[in-house]
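Single-letter residue listing:
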Amino acid sequence: MLKVSKKEMIVGGSKTHYFISPLIMDNVSLQSCPATNPSMLNVHLVPHTHDDVGWLKTVDQYYYGDRNYIQHAGVQYILDSVIDQLQKDPARRFIYVETAFFYRWWRQQSQDTRRIVTQLVNEGRLEFINGGWCMSDEATTHYSAVIDQMTLGLRFLNDTFGECGRPLVAWHIDPFGHAREHASIFAQMGYDGFFFGRLDYQDKARRMKTKEMEMLWRASESLTPPLADLFTGVLPNGYNPPEGFCWDQSCNDAPIRDDPDLEDYNVDEIVQRFLNVSYNQAAFYKTNHIIMTMGSDFQYENANLWYKNMDKLIKYVNALQAKGSKVNVLYSTPSCYLQELNLANLTWPLKTDDFFPYADDAHDFWTGYFTSRPALKLYERLSNSRLQTCNQLEVLGGPKSTSGPFGEGDSDTMSKAMGVAQHHDAVSGTEKQHVAYDYARRLATGWAHCEVLVRNSLAVLSGSESPRVFCENLNISVCPLTESSQKVLYFSMNVYNPLGRTVSWPVRLPVNGSLYNVTDSNGKAVDSQVGNYVFMSFKHICNIYDMKSSSLLPLLSVSINSKSILVYVFKFLKVNFDDTTGLLSSLTNLETNQTIRLTQNFYWYNASAGNNKESHQTSGAYIFRPNSSDPFVINKTAEIQTVTVSSTVQEVTQWFSPWVSQVVRLYEGHRELELEWTVGPVPIADGLGKEVITRLDTDIESSDYFYTDSNGREVLERRKDYRPTWDLKQTEPIAGNYYPINSRAYIKDDKHQLTVVTDRSQGASSIYNGSLEIMLHRRLLYDDFRGVGEPLSEPGEFFDGLVARGRLLLALTPPKMAADVHRPLAQGMVLQPLLSFQDGTPLANTKLEFSGLQAALPPAVHLLTLSQWDKDSVLIRLEHQYQAKESETHSQPVTASLPLSLSAKDPSPWEVTLNPMEIRTFLLRVRQL
């Protein structure tokens, strides 16, 4: 018999504003902080390296130092050299961030080296900062994947080094703008501070002038302070050393030449320059402590160069104290620096919005990457869904999931691939093309490992070991099993739902017959339409559907001339098309009796071009800079090619050009309108780079306001040509108004709200009253001079340009009811059902339906994580998926009973109370009785 006991894995203790809690103060790293001088300006030198987990080279190439003709960088040599140098002087310090690299290096070390490193960590001389598998992007990542990658890295550090390996500070020195939800997650994880390097140039100038480079970030409107409060600091030089003080082998700054008998003696000059730099920097900060980042991209491969010169700098600057100098220089870490700020006991300015969009100059807005590489962004999002399914089935299927009839499977490979994919030059789309291929390959390899696990688990849960296939190309209507040419065809489809509630999901399958009898697990007929797709509704975790081919029936498809008026109605929605243009003309919610004018079309911005940044900033992987505020319409009319009408679905296929088309769909029983767009290959024969958008124009009086989500969770209010924390001087009327969306955006007035739910991260804006535009695809001809060194022009399968396809879900509601619709819609888009197929009918002893829950969770509660922690433990995260005040029904505390059906495990329920936007994490310990 197995018994389940639970332990809540929450970093406890309340934090008083930005102060460090007593729990954190006991950390060894802080106990070993160097002494400072309260009567002097203390300069904290922080030796560090910034090691991208892929960018110009792949992860493997960066680790091994391969292909140095692209970029000289070898992470293994950096760690070798730093560990060697730290042993030579106990005063020296170093911080390390990217656990994906450190994990790999650690596995290759001898026991002697491991003992040395452990001692350095225990003494606070080597300190881990941030601690995630990577330094994640903040604009294009979904919060569930961010939490997973942080957990992956932090768990390794905890298992390897214990409490002394636990990072105290979040460190995002390179991401291109900063999301409020990231700060909220860091605060809830127990971090005491957050430091970053990039913020808008206008914001930085204002903060330097007012000494507001350090602040308290209140990162949630829903969580009661200080649960999501986080001390946040802006680093003075991005993440680079002050000018003239870079002593890496990749730099050209003069070393400290301290032999007075030599002609080039320069100690006095360098010391005076350093004093000037220190006082200049101190003028922008509130305390007598300042921080200097001594390092940069892939530096410290020869750490001796850095430490030898920093040793001298500390020695000679501090020697002047005997002559009255008031500057004290020391080796330090961000945690030690933060401790001194805490001890200063000051009041800090409050920040409640976010740091998007980011611009580093008047015409240089980093808003293009919100959409760059749309296919990779979708693949990453689908991989996240598959990983959650893999994790859940590992728990539900038990030990045979990883070692069963179909071989050895695991979820760990996929976890690591997803961890790497969250990097700020991965899912962001800002890497070189060959690196993008590598990220996709890793995700594919991870899923191959998960496929074996899923097959094993479903065999356990269903009692059937019949071969099972996954159709990876359903997006292009390819599935060999369902397209079998046998005269009479039987096949069964297994639908696994990773959500903790019933969902209704349309399934479209390519088939060879024209009439199919579809039955559910009880033998009941499922309504279906043969236009080569099947629509059905299924419950909780898993259902199996039996499909049998029958006699031929022609597809219901009619050609429509331009003078026909098209009106499509199902139970909840009515859609009208203009009889002249073929475009959408209105949308009606039949439940609430509200109608809006709605037109939708496709446009492209002409990307600015140029051969050098000095003469003209161009659009590129990072930067969005159209050369005009007026986009080109792809076609003023849409040719309606086919119309399909059935009891399950109604759809209209629109053709705009050889490279843009769309299917507009209404599903029976659904409250949303689906727009399935296809864009590409984007033509460039005219020599013009193109940034393709779709724009929804309505009669909603939005008054320059629109709303976007933060990493898929809380929604922030946006306003055209406005920033909440400074008086904006708008220099780019289009790019300067773009914001990232991960799952939704909307516009509203007092009566109507139009919400768009997306299937991946994209850029969005509202340039005109009542409009909402979303960037779908980008193909550019020039680099934007931000380091990647190649134009964003993805070749696609046939090397004539990438074809991207995606879905937008539109919901029209009164504002007070909107969240009740878009919250579950967005979760359903993120965690999609997994389909698998078996040839023939299920055997008599096959279990056709099963669930990991005895009952559905309440609508406000989302099962965020269910994964195997170790052989005796299961990790569960529950979240309240509504934010405060957005829903009259669900924005309240909710108590959920979690009646797990974990095979032989104790099925007794336990209750959890959640407040709006709260995440609670539990570890279930399973022990043998």
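Residues numbered from 1 in each chain as written. Predicted model: local features only at pLDDT ≥ 70, side-chain atom pairs only at ≥ 80, totals over all residues. Heavy atoms only, no water.

- As annotated in an unreviewed UniProt entry, the protein chain carries the name Alpha-mannosidase and comes from Cyprinus carpio.
- In its Sequence similarities (unreviewed entry) section, the UniProt entry covering the protein chain states "Belongs to the glycosyl hydrolase 38 family."
- Its UniProt record gives the protein chain a comment under Catalytic activity (unreviewed entry), which states: "Hydrolysis of terminal, non-reducing alpha-D-mannose residues in alpha-D-mannosides." (UniProt positions renumbered as here; feature names shortened; annotations may be inferred.)

## Overview of the overall build of the protein chain
Here is step 1 of the chain: In terms of helices and strands, the protein chain carries 16 helices and 43 strands.
Here is step 2 of the chain: For the protein chain, whose C-alpha radius of gyration is 29 Å, the value lies close to the compact-globule estimate of 30 Å for 929 residues.
Here is step 3 of the chain: With respect to the three principal axes, the spread of C-alpha positions in the protein chain is 100 × 70 × 50 Å.
Here is step 4 of the chain: Here the protein chain, with 929 residues, has 63% of them falling under the buried criterion.
Here is step 5 of the chain: In the protein chain, once contacts between residues fewer than 6 apart in sequence are set aside, the share between residues at least 24 apart is 74%.
Here is step 6 of the chain: Surface exposure of the protein chain reaches about 33,700 Å², of which carbon and sulfur atoms provide 51%.
Here is step 7 of the chain: Both charge centroids of the protein chain, one from 86 positive and one from 105 negative side chains, sit 3 Å from each other. (Helix = DSSP H or I, 4+ residues; strand = E, 2+ residues; numbered from the N terminus. Rg over C-alpha atoms; globule rule 2.2 N^0.38 Å. Buried < 20%, exposed > 50% of the residue type's maximum accessible area, 1.4 Å probe, protein only. Contact = heavy atoms within 4.5 Å. Areas by Shrake-Rupley, 256 points an atom, 1.4 Å probe, with all protein chains shown as cover. Lys, Arg positive; Asp, Glu negative; His and termini not counted. Charge placed at Lys NZ, Arg CZ, Asp CG, Glu CD.)

## Considerations on the packing of helix 10 (residues 267-282) against helix 11 (residues 303-319)
Here is step 1 of the chain: Contact pair helix 10 / helix 11: the axes reach a minimum separation of 10 Å and the direction vectors enclose 80 degrees. Relative to helix 11, the element helix 10 lies roughly perpendicular. Touching V267, I270, V271, F274 and L275 of helix 10 are L313, Y316 and V317, all from helix 11.
Here is step 2 of the chain: Looking at the contact of helix 10 with helix 11 residue by residue, the classes come out as eight nonpolar, no polar and no charged. (Axes fitted to C-alpha atoms, helices over the stretch in contact; angles between N-to-C directions. Parallel < 35°, antiparallel > 145°, perpendicular 65-115°, else oblique. Nonpolar A, V, L, I, M, F, W, Y, C, P; charged D, E, K, R; others polar.)

## Some remarks on the side chain of D248
Here is step 1 of the chain: Relative to the helices and strands, D248 is located in the loop between strand 8 (229-234) and helix 10.
Here is step 2 of the chain: At 2.8 Å, the side chain of D248 and the backbone nitrogen of Y300 are in polar contact.
Here is step 3 of the chain: D248 has contacts with Q299, Y300, E301, L305 and W306, leaving out every residue within four places of it along the chain. (Polar contact = N/O pair within 3.5 Å; in protein donor to acceptor, adjacent residues only side chain to side chain.)

## Quick notes on the packing of aromatic side chains
Here is step 1 of the chain: As enumerated under the stated definition, the model contains 44 aromatic pairs in all.
Here is step 2 of the chain: For the pair F176 and W366, a centre-to-centre distance of 5.2 Å together with 35 degrees between the ring planes defines the contact as tilted. Remark: W366 occurs in the loop between strand 11 (350-351) and helix 13 (374-397) and F176 occurs in the loop between strand 5 (169-172) and helix 8 (180-188); sequence separation between them is 190 residues. Per residue, the accessibility class of F176 equals that of W366, and both read buried.
Here is step 3 of the chain: An angle of 65 degrees between the planes, with centres 4.9 Å apart, marks the rings of F196 and F355 as edge-to-face. Separated by 159 residues along the polypeptide, F196 in strand 6 (residues 193-196) and F355 in the loop between strand 11 and helix 13 bring together distant segments of the chain.
Here is step 4 of the chain: These aromatic residues form a ring-pair network of at least three members: Y96, F102, Y103, W105, W106, F128, W133, F156 and F161.
Here is step 5 of the chain: Above the face of the F245 ring, R273 is positioned so that its terminal group lies 5.1 Å from the ring centre. (Phe/Tyr/Trp six-rings, centres within 6.5 Å; stacked < 30°, edge-to-face > 60°. Lys NZ or Arg CZ within 6 Å of the ring centre and 35° of its normal.)

## Re the state of the cysteines
Here is step 1 of the chain: Enumeration over the complete set of coordinates arrives at four disulfides.
Here is step 2 of the chain: Two residues share a disulfide in this structure: C246 and C251, whose sulfurs sit 1.9 Å from each other.
Here is step 3 of the chain: Residue C246 is classed as buried on the basis of its relative accessible area of 9%.
Here is step 4 of the chain: Not part of a disulfide, C134 finds its nearest cysteine sulfur in C450, a span of 18 Å. (Disulfide = S-S within 2.5 Å.)

## Details of the sheet that holds strand 5
Here is step 1 of the chain: In space, the five strands of this open sheet follow the order 5-6-8-7-11, with mixed pairing throughout. A strand with exactly one partner marks an edge of an open sheet, and here the two such strands are strand 5 and strand 11.
Here is step 2 of the chain: By the bridge criterion, four bridges tie strand 6 to strand 8 in an arrangement that is parallel. Its bridge partner lying in strand 8, F194 is registered against T232.
Here is step 3 of the chain: Packed on one face of the sheet, helix 8 meets strand 5, strand 6, strand 7 (214-218) and strand 8 and runs near 120 degrees to strand 8. (Pairing = 2+ DSSP bridges.)

## Brief notes about the pairing of strand 2 (residues 41-47)
Here is step 1 of the chain: With seven of seven residues buried, strand 2 lies mostly within the body of the structure.
Here is step 2 of the chain: As paired strands, strand 2 and strand 10 (residues 327-331) are joined by five bridges and run parallel to one another. Bridged to L41 within strand 10 is V327.

## As for the UniProt feature "domain: Glycoside hydrolase family 38 central" (unreviewed entry) in the protein chain
Here is step 1 of the chain: As annotated by UniProt and renumbered to match this structure, "domain: Glycoside hydrolase family 38 central" (unreviewed entry) occupies residues 364-443.
Here is step 2 of the chain: Secondary structure across residues 364-443 divides into 56% helix and 5% strand, with the first and last C-alpha atoms of the span separated by 32 Å.

## Here we look at helix 13
Here is step 1 of the chain: Between the first and last C-alpha of helix 13 there are 34 Å, a value that for 24 residues agrees with the 34 Å anticipated at 1.5 Å per step.
Here is step 2 of the chain: For helix 13, the buried fraction is high: 21 of the 24 residues fall into the buried class.
Here is step 3 of the chain: Looking one or two places after helix 13, you find G398, whose phi comes out positive at around 75 degrees. (Expected span 1.5 Å × (residues − 1).)

## Observations regarding the sheet that holds strand 10
Here is step 1 of the chain: What the three strands build is an open sheet, ordered 9-2-10; its pairing is parallel. Each edge of the sheet is formed by a strand with only one pairing partner; in this case those strands are strand 9 (289-294) and strand 10. Each strand axis lies, on average, 25 degrees off the axis of its neighbour in the sheet, ignoring direction.
Here is step 2 of the chain: Packed onto the sheet, helix 10 meets strand 2, strand 9 and strand 10 and runs at close to 120 degrees relative to strand 9.
Here is step 3 of the chain: The strands touched by helix 12 (residues 334-343) are strand 2 and strand 9; relative to strand 9, the strand with the most contacts, the crossing angle is about 170 degrees.

## Details of a nonpolar patch on the surface
Here is step 1 of the chain: Judged by side-chain polarity, V567, V569 and L590 come together as a nonpolar surface patch covering roughly 210 Å² of accessible area.
Here is step 2 of the chain: Examined against the element boundaries, L590 turns out to sit in the loop between strand 21 (584-589) and strand 22 (594-606). (Patch = residues over 30% accessible without salt bridge, like charges linked within 9 Å, V, L, I, M, F, W, Y side chains within 5 Å. Salt bridge = Lys/Arg side-chain N within 4 Å of Asp/Glu carboxyl O.)

## Side note on the side chain of R695
Here is step 1 of the chain: Relative to the helices and strands, R695 is located in strand 28 (residues 690-698).
Here is step 2 of the chain: Leave out the neighbours within four places in its chain, and R695 touches T599, Q600, N601, Y603, P631, Y768, S771, L772 and E773.

## Re the environment of A856
Here is step 1 of the chain: Inspection of the secondary structure assignment puts A856 in the loop between strand 38 (849-850) and strand 39 (861-870).
Here is step 2 of the chain: For the pair A856 and R501, spaced 355 residues apart in sequence, the C-alpha separation works out to 4.8 Å.

## Some thoughts on the pattern of salt bridges
Here is step 1 of the chain: Enumeration over the complete set of coordinates arrives at 46 salt bridges.
Here is step 2 of the chain: Residue R455 pairs with E451 through a salt bridge whose shortest N-O separation is 3.8 Å. With R455 and E451 both in helix 15 (residues 433-462) and four residues apart, the pair spans about one turn of that helix.
Here is step 3 of the chain: The closest approach of N and O atoms between E676 and R665, which form a salt bridge, is 3.1 Å.

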